[in-house]
Amino acid sequence: MIPAASLSMQPRRWQLAWRDAVRDPRELLGLLGLDALAARVPEAACAQFPLRVPRSFVARMRHGDPADPLLRQVLPLDDELRPVPGFDLDAVGDAAARAGRGLIRKYRGRALLVATGSCAVHCRYCFRRHFPYAEETAAAGGWHDAVAAIAADSGIDEVILSGGDPLSLATAKLGELTRALAPLAHVKRLRIHTRLPIVLPERVDEELVGWIATLPWPVTVVVHANHGNEFDADVDAAMLRLRATGATLLNQAVLLRGVNDSLDALAALSERGFEAGVLPYYLHQLDRVAGAAHFEVDDARALALHAALRDHLPGYLVPRLVREVAGDGSKRPL
């Protein structure tokens, strides 16, 4: 018989799926019957920001379609290597808002905790693709610096777990963090920003939902899907498990050229997410991070799409169109 202690050390299903992610662009293209695209995948782009995508997410891509909206989000292209004025390494002013190791303070009452630099998928438009995670991860030192900074500021009433992706961490590690935060009476809400329930729905396992259900604060889980095709039966089941904890589920998306810059795509995203129990929250204009200029949709087009979406859907299915501007006290509505 295998001892219980040994069983507890076995990798969980989601961790095995994480390790089995596709990391070679040529393998990804081969799986999709798109080998001819390999010439457009430069080694320099992969070296700067490596490919990582779970196989279950690849399975949702359309075979033989080079314009598939899910593929476009993850495939490194030579477009990323073109320098474009106005696209910088720190697109949203994270460095200037640093409030301690792994802690970012931009908005009144809220503190964003960079829980980890890891993520199950590397989105090519990621605004933190150049973030210095090695020096700025709050988990270092057992969360001591980040928790001490939050404890010292009674004006913080909401803690936001971000990254990377906070659900990249083992649930036991997340529990270590929330136990450290629990004695802080001025913290009233917890928010979790995560893409894992979308790209790796196996992550929403019994242990994770048990942790969320026992947290002492109202919890909001903000997931990140940009296209309706990112939802499938496994994602629906993950959303159902999250809802059963009592958490509020919201979705934030990024407006991306060639991915969701049409009325049909945006409407389908809101409707499909709602079917899974997720309300639209934000539709972000692209953060102007170096390497992502080919995804940008100009403001005039963004505003026209948002107006058409308002005419097409009930108000509760229309996300707020916003841009993050370094130094602003909130997201800036367009």
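About the criteria used
- Residues numbered from 1 in each chain as written.
- Predicted model: local features only at pLDDT ≥ 70, side-chain atom pairs only at ≥ 80, totals over all residues.
- Heavy atoms only, no water.
- Core = buried A, V, L, I, M, F, W, Y, C linked by side-chain atoms within 4.5 Å.
- Buried < 20%, exposed > 50% of the residue type's maximum accessible area, 1.4 Å probe, protein only.
- Contact = heavy atoms within 4.5 Å.
- 1 Å grid on protein atoms, 1.4 Å probe; cavity = no way out; pocket = protein on both sides within 12 Å on 5 of 7 lines; lining within 4 Å.
- Points joined across faces, edges and corners; volume = space filled by probe spheres on them.
- Nonpolar A, V, L, I, M, F, W, Y, C, P; charged D, E, K, R; others polar.
- Helix = DSSP H or I, 4+ residues; strand = E, 2+ residues; numbered from the N terminus.
- Phe/Tyr/Trp six-rings, centres within 6.5 Å; stacked < 30°, edge-to-face > 60°.
- Lys NZ or Arg CZ within 6 Å of the ring centre and 35° of its normal.

Caption draft 1: Summary view of the nonpolar core. One finds Leu-28, Val-53, Met-61, Leu-113 and Met-239 to be the most contacted residues of the largest nonpolar core, which totals 96 residues. When sequence neighbours within four positions are dropped, the list of residues in contact with Met-239 reads Pro-197, Ile-198, Val-223, Leu-249, Ala-276 and Val-278. Membership of the second largest hydrophobic core comes to six residues, among which are Ala-97, Ile-104, Leu-112 and Phe-131.

Caption draft 2: Summary view of the layout of surface pockets. Of the volumes computed, that of the second largest pocket is approximately 210 Å³. A per-class count over the lining of the second largest pocket returns eight nonpolar, two polar and five charged.

Caption draft 3: Spatial organisation of empty space enclosed by the protein. Within the structure shown, the criterion is met by one cavity of 30 Å³ or more. Roughly 110 Å³ of volume is contained in the largest cavity. Lining the largest cavity are 15 residues, with Asn-251, Leu-269, Ser-270, Pro-280 and Pro-319 positioned closest to its centre. Residue assignment for the lining of the largest cavity shows that the elements contributing at least two residues are β6 (248–254), α12 (263–275) and β7 (279–284).

Caption draft 4: Main features of the packing of aromatic side chains. A full pass over the atoms with the stated rule returns four aromatic pairs. On the basis of an interplanar angle of 85° and a centroid distance of 5.9 Å, the ring pair of Tyr-125 and Phe-295 is categorised as edge-to-face. One end of the pair, Tyr-125, is in the loop between β2 (110–114) and α7 (144–151); the other, Phe-295, is in the loop between β7 and α13 (299–312), with 170 residues separating them in the sequence. Both residues of the pair, Tyr-125 and Phe-295, belong to the buried class. Where Tyr-281 meets Tyr-282, the ring centres are 4.1 Å apart and the plane angle is 25°; that geometry is what we call stacked. In this structure, Arg-203 is placed above the aromatic ring of Trp-14, and the distance from its NZ or CZ to the ring centre is 4.1 Å.

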